[in-house]
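What follows is the residue order along each chain.
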Amino acid sequence: MFEVRSRAGKIALQVIITLMVLPFLFPLIVMVQESLSGAGFSNYRAVVDVPGFWRFFLNSAVISAGVIVIVYVVAMLGSYGFAKLRIAGREFYFWLLLACLTLPEVVLLAPLFVTDQRLNLYNTYWAVILPLSALQIPFAVLLTRNFINGLPDQLFEAIRVDGAGSIATFRHLIVPLTRPIAAAVVIFTLIGAWNDYLMPLVFLQSQSMQTITLIPTFFVGEFNNDQTKILASAVVTAIPEVVAYLGLQRLFERGLTAGAIK
Amino acid sequence: MDVISSPSAPGRHPTAAQAEMSPEEGAARGGPRRGLRLRRVREGVKAASGLPWILPALLLCVGLIYYCIGYTGYISSLNWDGISPNPASVGFGNYTAIFHDPLFWGALEHTGIFFAGTFVAQTALGLIFAVLLHSKVRLAGLYKVIVFVPVVIAPAIMAPVFREMLSPTGQVDQVLRHIGLGMLAQPWIGQTSTALPSIMAITVWEWTGFSFVLYYAAISQIDESVVEAARLDGAGNLTVIRRIVWPSVAGTTVALGTLSAIGALKTFDIPWLINQAGPDYATNFLGTYIYQMVIQLDHVGYAAALSILLLFVAVVFGVVLQSGWRNRKVMQ
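Residues numbered from 1 in each chain as written. Chains lettered and ligands numbered in written order. Predicted model: local features only at pLDDT ≥ 70, side-chain atom pairs only at ≥ 80, totals over all residues.

Scanning chain A from N- to C-terminus turns up 11 helices and zero strands. Across its three principal directions, the C-alpha atoms of chain A cover 70 × 70 × 30 Å. Burial statistics for chain A: of 262 residues in total, 48% are counted as buried. Sequence-distant contacts, at least 24 apart, represent 81% of the contacts inside chain A between residues at least 6 apart. (Helix = DSSP H or I, 4+ residues; strand = E, 2+ residues; numbered from the N terminus. Buried ≥ 20, exposed ≤ 12 C-beta atoms within 10 Å, placed from the backbone. Contact = placed C-beta atoms within 7 Å.)

A word on the overall build of chain B. Per the secondary structure count, chain B includes 15 helices and two strands. Counting across all 332 residues of chain B, residues that qualify as buried make up 42%.

Before going further, it helps to spend a moment on the confidence of the model for chain A. Summing up the model confidence of chain A, the mean pLDDT is 84 and the portion of residues at 70 or higher is 96%. Per-residue pLDDT, averaged within each element of chain A, yields its smallest value for helix H5 (residues 105-118) of chain A (79) and its largest for helix H3 (residues 53-84) of chain A (92). (pLDDT = per-residue confidence, 0-100.)

Another point: the interface of chain A and chain B. Listed as interface residues are 81 residues of chain A and, on the opposing side, 83 residues of chain B. Within the residue set of the side of chain A that touches chain B, elements represented by two or more residues are helix H1 (7-36), H3, helix H4 (90-98), H5, helix H6 (126-149), helix H7 (153-161) and helix H11 (227-257) of chain A. Per element, the largest residue contribution to the side of chain A that touches chain B is 13 residues, and it comes from H11 of chain A. Residues that form the side of chain A that touches chain B fall into these classes: 56 nonpolar, 16 polar and nine charged. (Nonpolar A, V, L, I, M, F, W, Y, C, P; charged D, E, K, R; others polar.)

A word on the packing of helix H9 (residues 179-194) of chain A against H11 of chain A. The angle between the axes and the distance between the axes are what describe a pair of packed helices. All names here are of chain A. Between H9 and H11, the shortest axis-to-axis distance is 7 Å and the interhelical angle comes to 145 degrees. Note that H9 runs across H11; the crossing there is left-handed. Contacts from Arg-179, Pro-180, Ile-181, Ala-183, Ala-184, Val-186, Ile-187, Leu-190, Ile-191 and Trp-194 in H9 reach Pro-240, Glu-241, Ala-244, Tyr-245, Leu-248, Leu-251, Phe-252, Arg-254, Gly-255 and Leu-256 in H11. Residues belonging to the contact of H9 with H11 are distributed by class as follows: 16 nonpolar, one polar and three charged. (Axes fitted to C-alpha atoms, helices over the stretch in contact; angles between N-to-C directions. Left-handed = near helix turned anticlockwise from the far one by under 90°.)

The next thing to look at is the nonpolar core. Formed by 170 residues in total, the largest nonpolar core has its most connected members in Val-71, Ala-75, Ile-137 and Val-185 of chain A. Each of domain 2 (51-89) and domain 3 (101-327) of chain B accounts for three or more of the residues forming this core. The residues contacting Val-185 of chain A, other than those within four sequence positions of it, are Val-71, Tyr-72, Ala-75, Ala-140, Leu-143 and Thr-144 of chain A. (Core = buried A, V, L, I, M, F, W, Y, C linked by C-beta atoms within 7 Å. Domains from an automatic or database assignment.)

Before going further, it helps to examine the domain arrangement of chain B. Residue and element names in this part refer to chain B. Looking at the assigned domains, one finds that chain B contains domain 1 (1-47), domain 2 (51-89) and domain 3 (101-327). Of note, the centres of domain 2 and domain 3, computed from C-alpha atoms alone, are 30 Å apart. Breaking the side of domain 2 that touches domain 3 down by element, the ones donating at least two residues are helix H3 (51-75) and strand S1 (78-79). Looking at the side of domain 2 that touches domain 3, the element that brings in the most residues is H3, giving four residues. Tallied by class, residues from the side of domain 2 that touches domain 3 come to five nonpolar, five polar and one charged.

Even without being a glycine, Asn-123 of chain A presents a positive backbone phi close to 65 degrees. Residue Asn-123 of chain A is classed as partly exposed on the basis of its 16 C-beta neighbours within 10 Å. With a phi close to 65 degrees, Leu-139 of chain B is a non-glycine residue in the positive phi region. In this fold, Leu-139 of chain B is placed in the loop between helix H5 (102-133) and helix H6 (140-152).

Residues and elements named next belong to chain B. In the contact formed by H6 and helix H9 (residues 192-220), the axes pass within 7 Å of each other and the chain directions differ by 120 degrees. In this structure, H6 crosses over H9, and the sense of that crossing is left-handed. Counting all contacts with H6, which are made through Val-147, Phe-148, Pro-150 and Val-151, the residues of H9 involved are Trp-205, Glu-206, Trp-207, Thr-208, Gly-209, Phe-210, Phe-212 and Val-213. For the contact of H6 with H9, a count of residues per class yields nine nonpolar, two polar and one charged.

Before going further, it helps to spend a moment on the environment of Trp-205 of chain B. With respect to the element layout, Trp-205 of chain B can be found in helix H9. The exposure class of Trp-205 of chain B is buried, given the 23 C-beta atoms found within 10 Å. C-alpha of Trp-205 of chain B to C-alpha of Val-147 of chain B: the two residues are 58 residues apart in sequence and 8.5 Å apart in space. Apart from residues no more than four positions distant in its own chain, Trp-205 of chain B is found in contact with Phe-24 and Pro-27 of chain A together with Pro-150 of chain B.

As a further point, take the confidence of the model for chain B. Caution applies to low-pLDDT parts of the model: their predicted coordinates are not meant to be read in detail. All names here are of chain B. Mean pLDDT over chain B works out to 78, with 83% of the residues at or above the 70 mark. Mean pLDDT in chain B bottoms out at helix H1 (residues 16-19), which sits at 36, and peaks at H5, which reaches 92. Contacts of residues 1-45 to residues separated by more than four positions or lying in other chains number 48 contacts, the stretch itself having pLDDT below 50. Our summary of model confidence lists the complex with pTM equal to 0.81 and ipTM equal to 0.82.

A few words on the environment of Val-21 of chain A. Summarising the element assignment, Val-21 of chain A is placed in helix H1. For the pair Val-21 of chain A and Gly-9 of chain A, spaced 12 residues apart in the sequence, the C-alpha separation amounts to 18 Å. Dropping the residues within four chain positions of it, Val-21 of chain A is found in contact with Tyr-143, Ile-146 and Val-147 of chain B.

This is how it looks when you write it as C-alpha cells:
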C-alpha cells in the first residue's frame, strides 16, 4: 500500500513501524521479565504448585470448549438462516440478537443468581457456559452472517438443482466453506470464555470448580501481594490463548479478509 | 420459464421440472387441485424457511438475556438490598434519583471522553498499522502478532502488570527518567488528572490490535489495479490513503465505532482492576458504578435502574450508528 522507492525512505519506514510496535511489546516484556525476577523459574513452580492448579486449568478448558461448541453450532445454523434462507421479519430478529451485544455482564448477575439456584444449576459448569455462550453468540452471528452473505448465490442454486435440501446444503456447503470464519469465531469465543473473570467468580463457588483466571487471587493477600507470582500466573494463563491464536492465525486472517466486516 | 436456471429441489420430487411450471400453466393442464399442489411445491422450492435455523440462537440469547433484562427492569422499580424478602416498590423512584446523582453524570462524562479518545486513537493506529504492514517492511509477520496479542490476553491478567508499570516507581517513569524526560514522571494512576487518560491508554493498548486486524482484512480486499491506476495518475502515498483506502474501509470504521461505543458503555474490567474506579471516582464508569451498587452497597434496585438506562443508551447508539451504516450500503 505504502510505496517508498529510495533506500533512505525504506529505512525510515522500517524505523517508524518498529518504533510504533515497541509500546505494544513493552508491557509484554515487563510481564515476562517481572515474572522471572527474584526466584526465577521457581515463581512458575509456585504457580503450578497451587493446590488444584491443574484442576483449574481443566475447568477453564471444559468451560471454554463447551462455550465454543455451543457458539459454533448455534452461530453457524443461525447465520445460514439469516444469510440465505427465507425468514419473515428477518431484520427484526437480527436486531433482537444484536441488541444483546450491548448487555454488560454485570446486568446478568442478579437475575441469573436467583434462576440458577431455582434450577439447581448453581456451581455447575452450565451456570457459566450458558450465559457466556449467550453473550458470545450475537457477535459470532454478525461475523458469520456477513461471511455467508459474501458466498455467491450460484453455489447455493447449483447444489439445490443437484437435489440438496437445506440440511444437505448446510453440511456440504456451509460447514466446509465457513472454515476460515469459524477460526475467527473460535478465537474470539475462546478469548471471551477463557478470559472471563466475573462469571466463574460469582457462579462457581466450590474450590474444585474454579477457573484459571482466579489463580492470581491466590497470591493477592490482605497484607502482601506476591507480585512476581501474580505475573507468573498471568503468563501461564495467557499461554494457551497465544498458542491457539498462533495456530489458527492463517485461517483467522483469511476468514476476516473474506468479508467479515466490510 | 427457464427450468434449468431456476432453483428447485428435485431430490424430493421426481417431477420437479413440472413443478417449475407456473401455477396457471399447471392449473390449465392438471385442473385446479393439481395447480394448488404445484403452487405449494414451488413455494417450498424457492428457499426453505430459515426460522428453525435461527431458533437456537434466538432461544439462547433472547431467552436468557431478555429474561434477565425483564427481571432487571422489574428490580429497577424496587428499593431492594438483594436479600430482604419483601422489597418495597418505588415505581420510577430509582430513575428520578439517578437523574440527580452527580456520580451518574460523572460516569457518563467519563464514558464520553473515554469513547472519543480511545476510538480516535485506535482507528488512527489500527489504520496506520494496517497500511504500513501491507507495505514492504521486514518482520511484518512478527509485528502483526505483537500488535494483536494484547487483544488475546485478558484485562484481568494485564491489570497487575499495568499497575506496576504506572506506579511512581514503575517502568514508565523509569524510562522517562532514562531518556531525559524525568520531569514528566508522575504517579499516573494515583492522581485524578492522569488516571482517566491512563485507563484510556491501557484500553488503546488492549484493543488497537482488533481495529488493526479488521482494517488489515478490509485493505486486502481493495482492488490492486485501482491503486496502481491512481499511482500512474501521479497520486502519492497520502493521496492513495485519503482517496482510496479510507473510503474503502468506511464500513469497517462504522462497525468499529459501534463496537467501541458499546464497549465504552460496558467498560468495567480495566478501571476496576487498575484503580477500583478511583482515585475519587475519577475513573468511574457505568459498569463500575453498577458493580459497586450491587456488590458493595447492596443497592440492587438502584443498580438495576442504572443497568436499564445503560442498555437504553447503548441500544440508541447502536441503532443510530448501524442505520447510518446500512444507509451507505457498505454492508452487503
